[in-house]
Amino acid sequence: FTQTLEGQDLQQLRSGTSSAKPMTLSFWVKAYQAGTYSVSLYKADQTARGVTFNYTINASATWEFKTITIPGDTGGGGIDNDNGAGIYVHWALASGSDYTSSDSMKNSWANYSSAGFAHGQTVNLASSTDNYWQITGVQLELGDQATPFEHRSFGEELALCQRYFYMAASGADDT
């Protein structure tokens, strides 16, 4: 499960500099299978970099709040200031050994290695059709503290999303 964040929205992180800032990822999660899951951040701009963290779902079918503090990335160059993908946030739900065999990116930024993409992941959500994984209230914010979820009005959220909308004319009556 992936969320892509635009580079222009990440400039305050100062990625790739000695003054890089930490960020905090918080979310609510519920799954059928309790166990260890992984979430990783991937930065493709300039030098590809990544960091992987584990979180534990302690009880089946129970909403749990998770908070992960991510250190600032002082290496590998910055994030391009554009509307392209700046950082991808990936929640791994099932991963083979090609993605779990290295701890090279565990808990600290490093040059990207697919072998470290989901290091520590032990749950395989694809092992049964009864399995499920649900997430809500995701927030990634500057700093090392999670704050209450920012609830926006429907109108504000719609206005922010409309910049992505484009309707192509398909006939003579369309303008």
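Above: the structure in question.
Residues numbered from 1 in each chain as written. Predicted model: local features only at pLDDT ≥ 70, side-chain atom pairs only at ≥ 80, totals over all residues. Heavy atoms only, no water.

A.B. asks: So, the sheet that holds strand 8 (residues 133-142): which residues are in play, and what are the values?
C.D. replies: Taken in spatial order, the three strands line up as 5-2-8 in an open sheet, and their pairing is antiparallel. Among the strands making up the open sheet, the edge pair consists of strand 5 (64-70) and strand 8. The average undirected angle you get between the axes of adjacent strands in this sheet is 20°. Taken together, the seven bridges between strand 2 (residues 23-31) and strand 5 define a ladder with antiparallel strand orientation. Across the sheet, S26 pairs through a bridge with T67, a residue of strand 5. (Pairing = 2+ DSSP bridges. Helix = DSSP H or I, 4+ residues; strand = E, 2+ residues; numbered from the N terminus. Axes fitted to C-alpha atoms, helices over the stretch in contact; angles between N-to-C directions.)

A.B. asks: Just give me the short version of the side chain of E64, but keep the residues and values in it.
C.D. replies: For E64, the location among the structural elements is in strand 5. Taking relative accessible area as the criterion, E64 reaches 10% and is therefore assigned buried. Of note is the side chain of E64, whose polar atom sits 2.9 Å from the backbone nitrogen of N58. Residues within four places of E64 in sequence aside, it is in contact with F27, W28, V29, T56, I57, N58 and A59. (Buried < 20%, exposed > 50% of the residue type's maximum accessible area, 1.4 Å probe, protein only. Polar contact = N/O pair within 3.5 Å; in protein donor to acceptor, adjacent residues only side chain to side chain. Contact = heavy atoms within 4.5 Å.)

A.B. asks: I'd like to hear about a nonpolar patch on the surface, residue by residue, with values.
C.D. replies: Side chains of W28, W63 and F65 sit close together on the surface and give an oily, nonpolar patch of about 310 Å² of accessible area. Here W63 lies in the loop between strand 4 (49-57) and strand 5. Judged by its relative accessible area of 37%, W63 is partly exposed. (Patch = residues over 30% accessible without salt bridge, like charges linked within 9 Å, V, L, I, M, F, W, Y side chains within 5 Å. Areas by Shrake-Rupley, 256 points an atom, 1.4 Å probe, with all protein chains shown as cover. Salt bridge = Lys/Arg side-chain N within 4 Å of Asp/Glu carboxyl O.)

A.B. asks: Explain the pairing of strand 3 (residues 35-43) residue by residue, including any values.
C.D. replies: Counting buried residues in strand 3 gives seven out of nine residues, a clear majority hidden from the surface. Two strands pair when backbone bridges link them, and strand 3 and strand 4 are joined in this way by nine bridges, in the antiparallel orientation. Paired with L41 across the two strands is V51, which belongs to strand 4. Across five bridges, the pairing between strand 3 and strand 6 (residues 85-92) is antiparallel. Opposite Y42, over in strand 6, you have Y88 as the bridge partner.

A.B. asks: Give a detailed account of the layout of surface pockets, specifying residues and quantitative values.
C.D. replies: The computed volume of the largest pocket comes to approximately 1,200 Å³. If you list the elements that add at least two residues to the lining of the largest pocket, you get strand 1 (2-6), strand 2, strand 6, strand 8 and helix 2 (154-161). Counting residues per element, the lining of the largest pocket draws most heavily on strand 8, which supplies six residues. (1 Å grid on protein atoms, 1.4 Å probe; cavity = no way out; pocket = protein on both sides within 12 Å on 5 of 7 lines; lining within 4 Å. Points joined across faces, edges and corners; volume = space filled by probe spheres on them.)

A.B. asks: Pulling in residues and values, what's your account of the packing of aromatic side chains?
C.D. replies: Under the criterion given, the structure shown has eleven aromatic pairs. Between Y42 and Y112, the ring centres sit 4.7 Å apart and the planes meet at 70°, which makes this aromatic pair edge-to-face. Here Y42, found in strand 3, pairs with Y112, found in the loop between strand 7 (110-111) and strand 8; they are 70 residues apart in sequence, far enough to count as distant. Consider the rings of W91 and W133, whose centres lie 6.5 Å apart with planes at 50°: the pair is tilted. One end of the pair, W91, is in strand 6; the other, W133, is in strand 8, and 42 residues separate them in sequence. Side by side, W91 and W133 carry an identical accessibility label, which is buried. Among the aromatic residues, ring-to-ring pairing joins F1, F27, Y37, Y55, W91 and W133 into one connected group. (Phe/Tyr/Trp six-rings, centres within 6.5 Å; stacked < 30°, edge-to-face > 60°.)

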